[in-house]
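Below are the chains, spelled out letter by letter.
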Amino acid sequence: MVCSNLKIVIVDTGCANIASVKYAVERLGYSPIVSGDHEVIRSADKVFLPGVGSAGEAMKNLAERNLIELVRNLTQPVLGICLGMQLLAEYSDESHVDMLDLVPGTVKAMHAEDGLRLPHMGWNSITPVGVNPLFKGIPTGTYFYFVHSFCLPVSDVYTVASCEYGDVFSAAVCKDNFYGVQFHPERSAEAGAKLLKNFLELTE
Amino acid sequence: MLAKRIIPCLDVRDGKVVKGVQFRNHEIMGDIVPLAQKYAEVGADELVFYDITASSDARVVDKSWVSRVAEVIDIPFCVAGGIKTVDDARRILLNGADKISINSPALANPELITEMEQAFGKQCVVVGIDSYFNSDTGSYQVKQYTGDESRTVTTSWNTLDWVEEVQRRGAGEIVLNCMNKDGVRDGYDLEQLKLVRERCDVPLIASGGAGTMQHFADAFNDADVDGALAASVFHKAIIDMQELKSFLRKQNVAIRY
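Conventions used here
The residue numbers shown here count from 1 along each chain, following its written sequence. Chains carry letters from A onward and ligands carry numbers from 1 onward, assigned in written order. A pLDDT threshold of at least 70 governs which residues receive local features in this predicted model, and a stricter bar of 80 or more applies before side-chain atom pairs are shown or counted, although totals over entire chains, interfaces and linings include all residues. Each helix is a run of DSSP H or I of at least 4 residues and each strand a run of E of at least 2, with the numbering of both proceeding from the N terminus. With the radius of gyration taken over C-alpha atoms, the globule rule is written as 2.2 Å times the number of residues to the power 0.38. Burial in this document is a count-based property: other C-beta atoms within 10 Å of a residue's C-beta are tallied, and the residue is buried at 20 or more, exposed at 12 or fewer, or partly exposed in between, with C-beta positions derived from the backbone. Residues are scored as being in contact if the C-beta atoms we place from backbone atoms lie within 7 Å. Gly counts as polar in this scheme, as do all residues outside two lists: the nonpolar Ala, Val, Leu, Ile, Met, Phe, Trp, Tyr, Cys and Pro, and the charged Asp, Glu, Lys and Arg. One bridge is not enough; two strands pair if DSSP finds at least two bridges between them. All axes here are fitted lines through C-alpha atoms, helices being fitted over the stretch that makes contact, and every angle between N-to-C directions spans 0 to 180 degrees. Relevant arc is that of directions from the helix axis to the C-beta atoms, nothing else. UniProt positions are given in the numbering used here, feature names are shortened, and annotations may be inferred rather than shown by experiment. Confidence per residue, as judged by the predictor, is encoded in pLDDT with a range of 0 to 100. Any angle that is under 35 degrees is reported as roughly parallel, and any over 145 degrees as roughly antiparallel; angles of 65 to 115 degrees are reported as roughly perpendicular and all others as oblique. The crossing is said to be left-handed when, going from far helix to near helix, the turn is anticlockwise and less than a right angle, and right-handed when the turn is clockwise.

Undergrad: Now, about the overall build of chain B: what can you tell me, with residues and values included?
TA: The number of helices and strands found in chain B is 10 helices and 12 strands. By the compact-globule yardstick of 18 Å for 257 residues, chain B fits well, its C-alpha radius of gyration being 17 Å. For chain B, the spread of C-alpha atoms along the three principal axes comes to 45 × 45 × 40 Å. Residues counted as buried form 53% of the 257 residues belonging to chain B. Counting only contacts in chain B whose residues sit at least 6 apart along the sequence, the fraction spanning at least 24 positions is 67%.

Undergrad: With reference to specific residues and values, describe the overall build of chain A.
TA: A tally of regular secondary structure across chain A gives 6 helices and 13 strands. Taking 204 residues into account, the globule formula puts the C-alpha radius of gyration at 17 Å, and chain A, at 16 Å, falls close to it. Among the 204 residues that make up chain A, the fraction classed as buried is 53%.

Undergrad: Before we move on, can you summarise the interface of chain B and chain A with the specific residues and values?
TA: With 28 residues of chain B at the interface, the matching set in chain A holds 26 residues. Within the residue set of the side of chain B that touches chain A, elements represented by two or more residues are α2 (64-72) and α3 (86-94) of chain B. It is α2 of chain B that contributes the most residues to the side of chain B that touches chain A, 3 residues altogether. Of the residues belonging to the side of chain B that touches chain A, the class tally is 12 nonpolar, 6 polar and 10 charged.

Undergrad: Tell me about the sheet that holds strand β11 (residues 159-165) of chain A, and please be specific about residues and values.
TA: All names here are of chain A. With respect to topology, 9 strands assemble into an open sheet ordered β2-β1-β3-β4-β13-β12-β11-β8-β9, the strand pairing being mixed. Unpaired on one side and paired on the other, β2 (33-35) and β9 (143-148) mark the two borders of the sheet. This sheet shows a mean twist of 30° between the axes of neighbouring strands, independent of strand direction. Looking at chain direction, strand β8 (residues 120-128) and β9 are connected through 6 bridges and run antiparallel.

Undergrad: Before we move on, can you summarise the pairing of strand β13 (residues 178-181) of chain A with the specific residues and values?
TA: All names here are of chain A. Residue alternation in β13 divides its side chains into two sets, Phe 178 and Gly 180 and Tyr 179 and Val 181, and both sets are buried. Where strand β4 (residues 78-81) lies against β13, 4 bridges are found, and the strand directions are parallel. Looking at the pairing, Ile 81 lines up with Val 181 of β13. Bridging between strand β12 (residues 167-175) and β13 involves 4 bridges; their strand directions are antiparallel. Considered in β13, the bridge of Val 173 is made with Gly 180. The turn joining β12 and β13, which pair antiparallel and follow one another in sequence, is formed by 2 residues; a positive phi near 55° is taken by Asp 176.

Undergrad: How would you explain helix α7 (residues 190-199) of chain B if you had to name every residue and give the values?
TA: Residues and elements named next belong to chain B. Those residues of α7 not exposed but buried are Gln 192, Leu 193, Val 196 and Arg 197. The buried residues of α7 all sit within an arc of 135° when viewed along its axis, so they share a single face. If you follow the buried residues of α7, they end up packed against β7 (125-134), β8 (139-144), α6 (159-168), β10 (173-178), β11 (204-207) and α8 (213-223).

Undergrad: Please give an account of the UniProt feature "active site" (unreviewed entry) in chain B that cites residues and values.
TA: All names here are of chain B. Per the UniProt record, "active site" (unreviewed entry) is found at Asp 11 and Asp 130. Relative to the helices and strands, Asp 11 resides in strand β1 (residues 5-13). Residue placement: Asp 130 occurs in strand β7. Beyond its immediate sequence surroundings of up to four residues, Asp 130 is in contact with Asn 103, Val 142, Lys 143, Thr 146, Asn 177 and Met 179.

Undergrad: Describe the confidence of the model for chain B, and please don't skip the residues or the numbers.
TA: Predicted confidence across chain B gives a mean pLDDT of 90, with 93% of residues reaching 70 or more. Scoring of the predicted complex yields 0.93 for pTM and 0.90 for ipTM.

Undergrad: Can you tell me about the UniProt feature "active site" (unreviewed entry) in chain A, naming the residues and giving the values?
TA: All names here are of chain A. With numbering aligned to this structure, UniProt lists the feature "active site" (unreviewed entry) at Cys 82, His 184 and Glu 186. Spatial clustering of the annotated residues is evident: they stretch over 105 residues in sequence, but the largest pairwise C-alpha distance comes to 10.6 Å. Looking at where His 184 falls in the secondary structure, it is placed in the loop between β13 and α6 (189-200). You can call His 184 buried: it has 25 C-beta atoms within 10 Å. With sequence-adjacent residues up to four places away left out, His 184 is seen in contact with Asn 17, Ile 81, Cys 82, Tyr 145 and Val 147. Along the polypeptide, Glu 186 turns up in the loop between β13 and α6. Overall, the presence of 29 C-beta atoms within 10 Å leaves Glu 186 in the buried class. Residues contacting Glu 186, with those up to four places away along its chain left out, are Asn 17, Ser 20, Val 21, Ala 24 and Gly 192.

Undergrad: Before we move on, could you go through the environment of Asn 124 of chain A and cite the residues and values that matter?
TA: Tracing the backbone through its elements, the reader meets Asn 124 of chain A in strand β8. Taking C-alpha positions, Asn 124 of chain A is 26 Å from Asn 177 of chain A, a pair spaced 53 residues apart along the chain. Ignoring any residue separated from it by four or fewer positions in sequence, one finds Asn 124 of chain A in contact with Tyr 143, Phe 144, Phe 146, Cys 163 and Tyr 165 of chain A together with Met 1, Leu 2 and Ala 3 of chain B.

Undergrad: For unusual backbone geometry, give the residues involved together with the corresponding values.
TA: Residue and element names in this part refer to chain A. With an omega of 0°, the peptide bond between Leu 118 and Pro 119 qualifies as cis. Locating Pro 119 in the fold gives a position in the loop between β7 (106-109) and β8. Of note in this structure, Cys 82 is not a glycine but carries a positive phi near 55°. Along the chain, Cys 82 falls in the loop between β4 and α5 (83-86). According to the C-beta neighbour criterion, Cys 82 is buried, with 28 such atoms within 10 Å.

Undergrad: Which residues make up the pairing of β1 of chain B, and what values do they have?
TA: All names here are of chain B. Burial of β1 is extensive: 8 of the 9 residues sit out of reach of the surface. In terms of strand pairing, β1 meets strand β12 (residues 227-230) through 4 bridges, oriented parallel. Each residue of the ladder has a partner; that of Ile 7, found in β12, is Leu 229.

Undergrad: So what about the packing of α3 of chain B against helix α5 (residues 111-120) of chain B? Which residues, and what values?
TA: A pair of packed helices is captured by two measures, namely the crossing angle of their axes and the spacing between those axes. Residue and element names in this part refer to chain B. It is at 10 Å that the axes of α3 and α5 come closest, and there the two elements cross at 40°. Judged on the interaxial angle alone, α5 and α3 are oblique. Of the two possible hands of crossing, α3 and α5 adopt the one that is right-handed. Between α3 and α5, the contacting residues are Val 86, Ala 89, Arg 90 and Leu 93 on the first element and Glu 115, Met 116, Ala 119 and Phe 120 on the second.

Structure, rendered in structure tokens:
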């Protein structure tokens, strides 16, 4: 077991996958805190922004907790997971709401064509784009677990991994200290643990 | 490419994993947490836990084991059995389950599907369907309360109509359990799965009948299901997970390494 004094905070977004994210970080030997407290979040070394549900509901939860400006102004590494990654975008066509506007782009509905089923649910392989420390030691073709019906299109600048389901979309994005993954690393077996470890070991 | 999913199903009764033949004569297979952990380690893509007594006993699944499973498991898992309200579902999701599967309560109150979809999003909402082929009428009928033989009833729903209804109401995935095949191990009901596939735009999981590795290949290649669920072949070590996965890859089925 790794013993670490790193202060890790999982933002209490009121969404459903918080427990699984917490357990996954604990399995790596850390002691994360789930909190909506501004001071606790601000003082963290690493911040997770989990999300499951709809864009409108998640933004409403953040607004009710006065967390929108707080998250926007964080300077330490932040990892948005699934809907938490979509929250980083400018706008979402799901619920037609403004998001946090930290990573350029609009979240779009995925297209179910050619017999593809929605939600996009299950293990799909990703392709890292460029060199990003989040994907250190994670080769092209690695499977991660996805569950979603909306996605962030590929950006030449901010996409750090792509995935294909009908269209190619952003499996992961990064801008400054904000990272986002569309898949669920907490549910992606060894590959997911590796990615979480990479995030936790990022040096600013 | 999206991989097809291999899903061991753990039927839970009184905190133990059990397996019966056609829903009867349950034998104890082992404790929940170590079995779940073992399946995650050998490469299962997802797990389903069915509290098979819960619906018929009018009690919600005991949640204590859900968080114990969530602590050790790093693959997705779904909990089913006796979940009758949005609050029941919320408690289980907050304990770390990824999805909720409803079956009898959805038949008793179809509005529950919509309420759950609105509360958690459709990706969390799985509808399980126990379908029985009536050879007298030549039709597929939906059964309710199959956890207790003495209470099992045949509903007025034809399976194909119910498949469409649950999607209209917000189901994000359908598990089709072909009851005539349950525990018999002579293959998935490909005829029925193909009929349902034509009507099903959300992920479809085949359940009931797996006995050999070829049965999995047939379900994926012939009926184009998204996942195949099985219990006894895994619990009794008749099929090895890694052998199954390499067998399927050779049959050109997209499978996670």
